[in-house]
Number of protein chains: 2
Amino acid sequence: MRDREPVTTERIVATAVALLDEGGAHGLTMRRLAGRLAVTATALYWHVKTKDDVLDLAVDRIFGDVPLPAAGADWRDDARGLLREWRLAMLRHPWAPGLIGRPVVGPNVLARTEFLQSALARGGYAGRRLTVITRVLANYVIGSALTEATGRAAPDDDLFEAGLDAIL
Amino acid sequence: MRDREPVTTERIVATAVALLDEGGAHGLTMRRLAGRLAVTATALYWHVKTKDDVLDLAVDRIFGDVPLPAAGADWRDDARGLLREWRLAMLRHPWAPGLIGRPVVGPNVLARTEFLQSALARGGYAGRRLTVITRVLANYVIGSALTEATGRAAPDDDLFEAGLDAIL
DNA sequence: ACCTGAACACCGTTCAAGT
DNA sequence: ACCTGAACACCGTTCAAGT
């Protein structure tokens, strides 16, 4: 009852991210989420259709922290900088890579993917070659984050960078 | 009560895979699993420590279907053949990529990773370069399977193959 | 428009008890 | 050794009702 800011979708998502950071996928519960917002669990369903919605929003939310710089001089630096930050954002929220498999693509993820693609296009890639290289890079980042975030492989910035060297 | 074969860990895992195939991560329930085996939910806990154990076993189980050929003449064919089958196994069980993020590595996954690494070693990779290329390839496969299995990207064998061309 | 309360149909897991 | 039954502390979600 300390909590008197109105419940908004934004506050729901922010709190969901906090809960996920604290307890992993296991830590997010509609009831717990509601408790944090000083509201009944059932109240959430006025703002949000389902728990899966909350998960989708939470995943997209953390990609909002990946800086989307203005296109710089060097397209390669632009692309690699984005991929670097992309990976780091997921390592900061280790529950994210496993959830990235959800079918929904949020606006933040979309914007970053498009930035990557346009940087590569400036590098001379086009058509099918552009599609291939974009996918290879994006999938490499996702796979890396997934294995590193769960401790299956120790996070290693240099190794990740060396992998980029091998591709781009 | 039709079911009179004894409950074993193997049967538990096989049934778990079936349940996951039918209903995704959402479809696997200790109670449902037990029902299929004509046994009480609590009986499972004699064979298995926790539901997470079942998930780990199920993930490793499907990698047992990835053929581990004898090392052939062409190391590149060996490596790419394995990666191809690896991806296909995950696409046959779309719940798997998202669960691959669990910390536990089972023996089947381990054996396949080692086969990949040894094929690449035959190709002349060694030391740090070997580590890097192994990771790049494994992470590319995992990332591809993750995005394709959930319909975020349409599965496309040729595109996947073209990605391999760009790396190896 | 926004929230509560009660209710429904579930969960995973523990533990004493049976055979 | 292997399984049951009862129990505990939870879940997500719907829906009528309140303000």
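As the structure is a computational prediction, the values presented were derived from the model and not from experiment.

Turning next to the packing of helix α5 (residues 75–92) of chain B against helix α7 (residues 107–122) of chain B. All names here are of chain B. Between α5 and α7, whose axes approach to 8 Å, the crossing angle comes to 155 degrees. Put simply, α5 runs roughly antiparallel to α7. Seen from above, α5 lies across α7 with left-handed handedness. Residues Trp75, Asp78, Ala79, Leu82, Leu83 and Trp86 of α5 pack against Arg112, Thr113, Phe115, Leu116, Ala119, Leu120 and Arg122 of α7.

Mapped onto the present numbering, the UniProt feature "domain: HTH tetR-type" (unreviewed entry) falls on residues 6–66 of chain A. Across residues 6–66 of chain A, the secondary structure splits into 64% helix and 0% strand, with the terminal C-alpha atoms separated by 27 Å.

Right, let's talk about the nonpolar core for a bit. Grouped together as the largest cluster of nonpolar side chains are 108 residues, with contacts concentrated most on Leu33(A), Leu120(A), Leu33(B) and Leu120(B). If near-sequence neighbours (up to four positions away) are discounted, Leu33(A) is found in contact with Ile12(A), Thr15(A), Ala16(A), Leu19(A), Leu28(A), Leu44(A) and Val54(A).

Residue and element names in this part refer to chain A. Per the counting criterion, the structure on display carries 6 aromatic pairs over all chains. Arranged with centres 5.9 Å apart and planes meeting at 85 degrees, the rings of phenylalanine 63 and tryptophan 86 form a pair that is edge-to-face. Placement of the pair is phenylalanine 63 in helix α4 (residues 51–63) and tryptophan 86 in helix α5 (residues 75–92), with a sequence separation of 23 residues. The two residues phenylalanine 63 and tryptophan 86 agree in class, both being buried. Relative to tyrosine 125, the ring of tryptophan 75 has its centre 6.3 Å away and its plane inclined at 75 degrees; by these criteria the two rings are edge-to-face. Of this pair, tryptophan 75 sits in helix α5 while tyrosine 125 sits in the loop between α7 (107–122) and α8 (127–149), placing them 50 residues apart in sequence. Of the two residues, tryptophan 75 and tyrosine 125, neither departs from the other in class, the shared state being buried. In this structure, arginine 87 is placed above the aromatic ring of phenylalanine 160, and the distance from its NZ or CZ to the ring centre is 4.7 Å.

Near DNA strand D, the surroundings consist of 16 residues, among which Arg31(A), Thr42(A), Thr50(A), Thr40(B) and Trp46(B) are the closest. Restricting attention to atoms of DNA strand D within 4 Å of the protein, one finds that 50% of them are sugar or phosphate atoms. Between a base nitrogen of DNA strand D and a side-chain N or O atom of Arg31(A), the distance comes to 2.4 Å. Mapped by element, the contributors of at least two residues to the surface near DNA strand D are α2 (30–36) of chain A together with α3 (44–47) of chain B. Split by residue class, the surface near DNA strand D holds 7 nonpolar, 6 polar and 3 charged.

Okay, empty space enclosed by the protein next. Counting across every chain of the model gives 3 cavities of 30 Å³ or more. The calculated volume of the largest cavity comes to roughly 80 Å³. Taken together, Arg152(A), Leu55(B), Asp56(B), Val59(B), Asp60(B), Leu99(B), Ile100(B), Arg102(B), Val104(B), Val105(B), Gly106(B) and Val109(B) make up the lining of the largest cavity. Ranked by the residues each element gives to the lining of the largest cavity, the list is headed by helix α4 (residues 51–63) of chain B, at 4 residues. Among the residues forming the lining of the largest cavity, the class breakdown is 7 nonpolar, 1 polar and 4 charged. Among the domains, domain 1 (9–61) and domain 2 (68–167) of chain B are the pair contributing at least three residues each to the lining of the largest cavity.

Time to look at the side chain of Asn139(A). Within the fold, Asn139(A) resides in helix α8. Not counting chain neighbours up to four residues away, the residues in contact with Asn139(A) comprise Asn139(B), Tyr140(B), Gly143(B), Ser144(B) and Thr147(B).

What follows covers the relation of the copies chain B and chain A. Of the two same-sequence chains, chain B is brought onto chain A (RMSD 0.0 Å, axial shift 0.0 Å) by a rotation of 180 degrees. In symmetry terms, the pair is related by a two-fold rotation axis.

What counts, and where the lines are drawn
- Residues numbered from 1 in each chain as written.
- Chains lettered and ligands numbered in written order.
- Predicted model: local features only at pLDDT ≥ 70, side-chain atom pairs only at ≥ 80, totals over all residues.
- Heavy atoms only, no water.
- Axes fitted to C-alpha atoms, helices over the stretch in contact; angles between N-to-C directions.
- Helix = DSSP H or I, 4+ residues; strand = E, 2+ residues; numbered from the N terminus.
- Parallel < 35°, antiparallel > 145°, perpendicular 65-115°, else oblique.
- Left-handed = near helix turned anticlockwise from the far one by under 90°.
- Contact = heavy atoms within 4.5 Å.
- UniProt positions renumbered as here; feature names shortened; annotations may be inferred.
- Core = buried A, V, L, I, M, F, W, Y, C linked by side-chain atoms within 4.5 Å.
- Buried < 20%, exposed > 50% of the residue type's maximum accessible area, 1.4 Å probe, protein only.
- Phe/Tyr/Trp six-rings, centres within 6.5 Å; stacked < 30°, edge-to-face > 60°.
- Lys NZ or Arg CZ within 6 Å of the ring centre and 35° of its normal.
- Near = heavy atom within 4 Å.
- Polar contact = N/O pair within 3.5 Å; in protein donor to acceptor, adjacent residues only side chain to side chain.
- Nonpolar A, V, L, I, M, F, W, Y, C, P; charged D, E, K, R; others polar.
- 1 Å grid on protein atoms, 1.4 Å probe; cavity = no way out; pocket = protein on both sides within 12 Å on 5 of 7 lines; lining within 4 Å.
- Points joined across faces, edges and corners; volume = space filled by probe spheres on them.
- Domains from an automatic or database assignment.
- Least-squares fit on C-alpha atoms with pLDDT ≥ 70 in both.

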